[in-house]
Amino acid sequence: MKIISTDKAPAAVGPYSQAIVDGGIVYASGQIPVDPATGEMKTSVSEAARQSLTNLKNLLESSGSDLENVLKVNIFITDMGKFGELNEVYAEFFAHHRPARSCVEVTALPKDAVLEIEAIARVN
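Residues numbered from 1 in each chain as written. Predicted model: local features only at pLDDT ≥ 70, side-chain atom pairs only at ≥ 80, totals over all residues. Heavy atoms only, no water.

Where an unreviewed UniProt entry is consulted, the chain appears under the name Putative endoribonuclease L-PSP, with the organism given as Aedoeadaptatus coxii. Under the UniProt heading Sequence similarities (unreviewed entry), the entry covering the chain gives this text: "Belongs to the RutC family." (UniProt positions renumbered as here; feature names shortened; annotations may be inferred.)

Put into structure tokens, the structure is as follows:
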């Protein structure tokens, strides 16, 4: 098991790793929409989705993977009424490759984020 840590994604806000690689699979922890360079939290769903997916992309690349190798995505969103807005941005990152996905509405997320995105992917 290999623990992954990168400054290209937000640091863990608790006692967990940004990602773990084991058996050719990377398990990426949930990415909230914080810009790792500035610490700024994106609050609109489209900006938040773009930032969280960018964080996920950077984390996967630091783990020896990429978006094309994602097997499963889990999305947690605080307002399912913004599902269409989320999907528009999501389709920019997963235009041709369509991994399995779940999206659930939750009442709250760490640091009052509007969404959080995690993934499981193959390592290249």
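## A word on helix α1 (residues 45-62)
Look at α1: 25 Å from first C-alpha to last across 18 residues, which is about the 26 Å you get at 1.5 Å a residue. The complete set of buried residues in α1 reads Val-45, Ala-48, Ala-49, Gln-51, Ser-52, Leu-53, Asn-55, Leu-56, Asn-58, Leu-59 and Leu-60. Here the buried face of α1 lies against β1 (2-4), β2 (19-22), β3 (25-31), β4 (70-77), α2 (83-93) and β6 (115-122). Just downstream of α1, Gly-64 is the residue with a positive phi angle, here 90°. (Helix = DSSP H or I, 4+ residues; strand = E, 2+ residues; numbered from the N terminus. Expected span 1.5 Å × (residues − 1). Buried < 20%, exposed > 50% of the residue type's maximum accessible area, 1.4 Å probe, protein only. Contact = heavy atoms within 4.5 Å.)

## Remarks on the packing of aromatic side chains
Taken as a whole and assessed by the stated rule, the structure comprises 1 aromatic pair. Arg-101 extends its terminal NZ or CZ atom over the ring of Tyr-90, reaching a point 4.5 Å from the ring centre. (Phe/Tyr/Trp six-rings, centres within 6.5 Å; stacked < 30°, edge-to-face > 60°. Lys NZ or Arg CZ within 6 Å of the ring centre and 35° of its normal.)

## Description of the sheet that holds β2
Spatially, the 6 strands line up as an open sheet ordered β1-β2-β3-β6-β4-β5, and their pairing is mixed. Strands with a single pairing partner mark the edges of an open sheet, and in this sheet they are β1 and β5 (100-105). The average angle at which neighbouring strand axes cross in this sheet is 15°, direction not considered. Running over the sheet, α1 touches β1, β2, β3, β4 and β6 and is turned about 30° from β6. (Pairing = 2+ DSSP bridges. Axes fitted to C-alpha atoms, helices over the stretch in contact; angles between N-to-C directions.)

## A word on the nonpolar core
Counting residues in hydrophobic clusters, the biggest one holds 29 residues, and the most contacted among them are Leu-53, Leu-60, Val-70, Val-73, Leu-86, Phe-94 and Leu-115. If you list the elements that add at least two residues to this core, you get β2, β3, α1, β4, α2 and β6. Excluding its chain neighbours within four sequence positions, the residues that come into contact with Leu-60 are Val-26, Ala-28, Ser-65, Asp-66, Leu-67, Val-70 and Ala-121. (Core = buried A, V, L, I, M, F, W, Y, C linked by side-chain atoms within 4.5 Å.)

## Examining the pattern of salt bridges
Using the criterion set out here, one finds 3 salt bridges in the structure. Measuring nitrogen to oxygen at the nearest pair gives 2.8 Å for the salt bridge that ties Arg-50 to Glu-92. Remark: Glu-92 occurs in helix α2 and Arg-50 occurs in helix α1; sequence separation between them is 42 residues. Across the pair Lys-57 and Glu-61 runs a salt bridge whose closest N-O atoms are separated by 3.1 Å. Highlighted residues: Lys-57 and Glu-61, both in helix α1, separated by 4 residues, approximately one helical turn. Judged by relative accessible area, Glu-61 falls into the partly exposed class, the value being 41%. (Salt bridge = Lys/Arg side-chain N within 4 Å of Asp/Glu carboxyl O.)

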